Amino acid sequence: MVIELRYSNTNTYLIRGTNGSILFDTGWAGSFLQFCKALGEAGATVQEIRYLFISHFHPDHMGIAQKIAGCGVRIVVADVQRAHIHEADRVFAKEENRLYLPIADEDIRVISCGESRQLLEECGIAGEVVHTPGHSEDSISLCLDEGLLFVGDLNPLYELDIHRGTQIGDSWNKLLARNPIKVYYGHAKAAELSGERRTPKKESGHSKDIFRLVKKIMKYIDKGYTLEDIGRATGADKTFLEDVARMYLTHRNISVQGILDRIEIKGK
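What you see is a predicted model, and the numbers here were worked out from it, not measured in a lab.

## A closer look at the nonpolar core
Piece 1. Formed by 30 residues in total, the largest nonpolar core has its most connected members in Leu5, Phe35, Met62, Ile75 and Ile103.
Piece 2. The element contributing the most residues to this core is helix H1 (residues 32-41), with 4 residues.
Piece 3. Setting aside residues up to four positions removed in sequence, Met62 forms contacts with Thr26, Gly27, Ile54, Phe57, Ile85, Ala88, Phe92, Tyr100 and Ile103.
Piece 4. Within the second largest apolar cluster, 21 residues are counted, among which are Phe24, Cys113, Cys123 and Tyr184.

## Regarding the packing of aromatic side chains
Piece 1. This structure, assessed with the given rule, holds 9 aromatic pairs.
Piece 2. Geometrically, the ring pair formed by Phe24 and Phe150 is tilted, given 6.0 Å between the ring centres and 50° between the ring planes. Remark: Phe150 occurs in strand S9 (residues 148-150) and Phe24 occurs in strand S3 (residues 20-24); sequence separation between them is 126 residues.
Piece 3. Judged by relative accessible area, which is 0%, Phe150 ranks as buried.

## Brief notes about the side chain of His56
Piece 1. Secondary-structure assignment places His56 in the loop between strand S4 (49-53) and helix H2 (59-62).
Piece 2. A polar side-chain atom of His56 sits 3.4 Å from a polar atom in the side chain of His135.

## Side note on the layout of surface pockets
Here the idea is plain: a probe the size of a water molecule rolls over the atoms and shows the empty space left.
Piece 1. Each pocket or cavity is described by its volume, and for the second largest pocket that value is around 440 Å³.
Piece 2. What lines the second largest pocket is a set of 19 residues, and nearest its centre among them are Trp28, His58, Pro59, Asp60 and Arg246.
Piece 3. Taken together, the elements giving at least two residues each to the lining of the second largest pocket come down to H2, helix H4 (89-94) and helix H9 (238-250).
Piece 4. Classifying every residue of the lining of the second largest pocket gives 6 nonpolar, 8 polar and 5 charged.

Calculation criteria
- Residues numbered from 1 in each chain as written.
- Predicted model: local features only at pLDDT ≥ 70, side-chain atom pairs only at ≥ 80, totals over all residues.
- Heavy atoms only, no water.
- Core = buried A, V, L, I, M, F, W, Y, C linked by side-chain atoms within 4.5 Å.
- Buried < 20%, exposed > 50% of the residue type's maximum accessible area, 1.4 Å probe, protein only.
- Helix = DSSP H or I, 4+ residues; strand = E, 2+ residues; numbered from the N terminus.
- Contact = heavy atoms within 4.5 Å.
- Phe/Tyr/Trp six-rings, centres within 6.5 Å; stacked < 30°, edge-to-face > 60°.
- Polar contact = N/O pair within 3.5 Å; in protein donor to acceptor, adjacent residues only side chain to side chain.
- 1 Å grid on protein atoms, 1.4 Å probe; cavity = no way out; pocket = protein on both sides within 12 Å on 5 of 7 lines; lining within 4 Å.
- Points joined across faces, edges and corners; volume = space filled by probe spheres on them.
- Nonpolar A, V, L, I, M, F, W, Y, C, P; charged D, E, K, R; others polar.

Take a look at the structure:
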């Protein structure tokens, strides 16, 4: 059973097996109490989690990893991720985030992707970890045999055509070869897949005005305008503007729809 925990800007997934649960990704540093509250509202506890997998070691996906590890959860790191574990430390240090705890190396268990199936079987979960670089070199995806994919920040499947021949395209080809039926993203809504090519059933509830605003913000960023100047020129809400800028600058070749799928826009 998959439980989507929405307590920060990053989607976190609790996956229950017949002999324990695993967690895929976490939120930003400082969101531990919200995480615990979300677990409680879902009828779950941190004590039932045996292993934590992190799609990639960017700060918004591993910010409370060590807090969770302190509750007895083992952090599982693929060997292709090992060199990237502490990359976010300097980000939190720069913003003087006192709520951040760096991952303690003694609290991790390093495995190869090939060893992941046996580890998941310990929890009664059938699946494996696959290296899916593109968004970052250390990106991994969790692939369950029942057809469920957890892909972190891998660009959405509907953007595949613009990523043919790239790492992103190659990673998606590996995943699509498994005939998935549903994809769980790090910042977008989960997508049901259908058809022979397993294309997503895509729906958009975003207005044309929002599309035009995001497109305008992207153009101003390309011209080198400051966020303050862009805010004055567009009248965009400061938080929304910062979210758009962050997603545009950290996701290569992202589309307007891709940005809107990755950020929370309600009330902004």
